[in-house]
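# What the coordinates show
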Amino acid sequence: MEKAGTRTRDITYFSPKNGCPVCVHSQAARKYADRLEEATTVTRYEANQTWEPSALFHISHVDIRKEYFQIQWTSDFVIRYQDGSFGVREIIRKAALANRATCERLELSRRYWTFRGCENWKVVIVEGGEPFAT
């Protein structure tokens, strides 16, 4: 999860599963995308999905900084499954979990996607450049 428009070193590759180029912002996201390409239950996925700003008005502000509700955010991956459901994955470095601001942003993401009807929201923790789980 990051602010929309954040300057990053983009990694663009062709996704056979999506049938188009996909752009991610880290090597860890690229490695995770490889897992999504191989997963038989995944039909497609979107990287760096921009949030709908109006949805933030409906989310609880408790224990999340007020200014976070005025920022345009993106989520790392929105995944579509064969059964018609969808999931969201936020990629985060293990060391960043000790940072309160990171935890607030992750909680904001969880609340946002719960409001949007997602029942499969997870954090993918990265240590040493390798994602821990799918």
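What counts and what doesn't
- All chains use their own residue numbering, which begins from 1 and follows the written sequence.
- For this predicted model, a pLDDT threshold of at least 70 governs which residues receive local features, and a threshold of 80 or more governs which side-chain atom pairs are given and counted, while totals over whole chains, interfaces and linings are taken from all residues.
- Side-chain metrics in this entry use all non-hydrogen atoms of the structure; hydrogen atoms and water are not considered.
- Secondary structure follows DSSP: runs of H or I at least 4 residues long count as helices, runs of E at least 2 residues long count as strands, and numbering of each begins at the N terminus.
- Only protein chains enter the area calculation, which uses a 1.4 Å probe; residues under 20% of their type maximum are buried, those over 50% are exposed, and those in between are partly exposed.
- Method for areas: the Shrake-Rupley scheme with a 1.4 Å probe, in which residue coverage is limited to the protein chains shown.
- Throughout this description, the term nonpolar core refers to a set of buried Ala, Val, Leu, Ile, Met, Phe, Trp, Tyr and Cys residues connected via side-chain atoms within 4.5 Å.
- Note on aromatic pairs: the rings of Phe, Tyr and Trp (six-membered ring only in Trp) are paired at centre separations within 6.5 Å, and the planes decide the class, stacked below 30 degrees, edge-to-face beyond 60, tilted for the rest.
- A ring has a charge above it when a Lys NZ or an Arg CZ is no more than 6 Å from the ring centre and no more than 35 degrees off the ring normal.
- For every residue, the predictor states its confidence as a pLDDT score lying anywhere from 0 to 100.
- One side-chain nitrogen of Lys or Arg within 4 Å of one carboxyl oxygen of Asp or Glu is enough to make a salt bridge.
- Here, strands pair whenever DSSP counts at least two bridges between them.
- Here, residues are in contact when the closest pair of their heavy atoms is within 4.5 Å.

In this section: the overall build of the protein. Scanning the protein from N- to C-terminus turns up two helices and eight strands. Of the regular secondary structure in the protein, the N- to C-terminal order runs β-β-β-α-β-β-β-α-β-β. The proportion of buried residues among the 134 residues of the protein is 40%. Carbon and sulfur atoms provide 50% of the accessible area of the protein, an area that totals close to 7600 Å².

Okay, the nonpolar core next. Counting 18 residues, the largest nonpolar core has Val24, Tyr32, Leu36, Tyr45, Phe77, Ile79 and Ile91 as its most contacted members. If you list the elements that add at least two residues to this core, you get β2 (11-15), β3 (20-24), α1 (27-38), β4 (42-50), β5 (73-81) and β7 (121-127). Ranked by residues supplied to this core, first place goes to α1 with five residues. Core analysis: the second largest hydrophobic core is formed by 16 residues, Trp51, Leu56, Val78 and Tyr112 among them.

Taken as a whole and judged by the stated rule, the model has seven aromatic pairs. Between the aromatic rings of Tyr68 and Trp73, the centroid separation amounts to 5.7 Å while the plane-to-plane angle is 85°, which identifies the pairing as edge-to-face. Across this residue pair, the class does not change: Tyr68 and Trp73 are buried. One aromatic cluster is present, built from ring pairs that chain together Trp51, Tyr68, Trp73, Phe86, Tyr112 and Trp113. Taking the ring centre of Tyr13 as reference, the NZ or CZ of Arg30 above it sits at 3.8 Å. Above the plane of the ring of Phe86 lies Arg80, whose end atom (NZ or CZ) is 5.1 Å from the centre.

Moving on, we get to the confidence of the model for the protein. Per-residue confidence for the protein averages 91 on the pLDDT scale, and 89% of its residues sit at or above 70. Mean pLDDT values for the elements of the protein range from 63 in strand β8 (residues 130-131) up to 97 in β5.

With that out of the way, let us pick up the pattern of salt bridges. This structure, assessed with the given rule, holds eight salt bridges. Ionic pairing is found between Glu104 and Arg65, a salt bridge with its closest N-O pair at 2.9 Å. With Glu104 in helix α2 (residues 100-115) and Arg65 in the loop between β4 and β5, this residue pair connects regions lying 39 residues apart in the sequence. Residue Arg65 is classed as partly exposed on the basis of its relative accessible area, which comes to 33%.

Attention now moves to the pairing of β2. Residues of β2 alternate between two faces, with Ile11, Tyr13 and Ser15 buried on one and Thr12 and Phe14 left unburied on the opposite face. One ladder, built from five bridges, connects β2 with β3; its direction is antiparallel. Bridging from a neighbouring strand, Ile11 pairs with Val24 of β3.

If you trace the backbone, Leu56 turns up in the loop between β4 and β5. Put simply, Leu56 and Arg111 are 55 residues apart on the chain and 9.0 Å apart in space, counted from C-alpha to C-alpha. Dropping the residues within four chain positions of it, Leu56 is found in contact with Trp51, His61, Phe69, Ile71, Leu108 and Tyr112.

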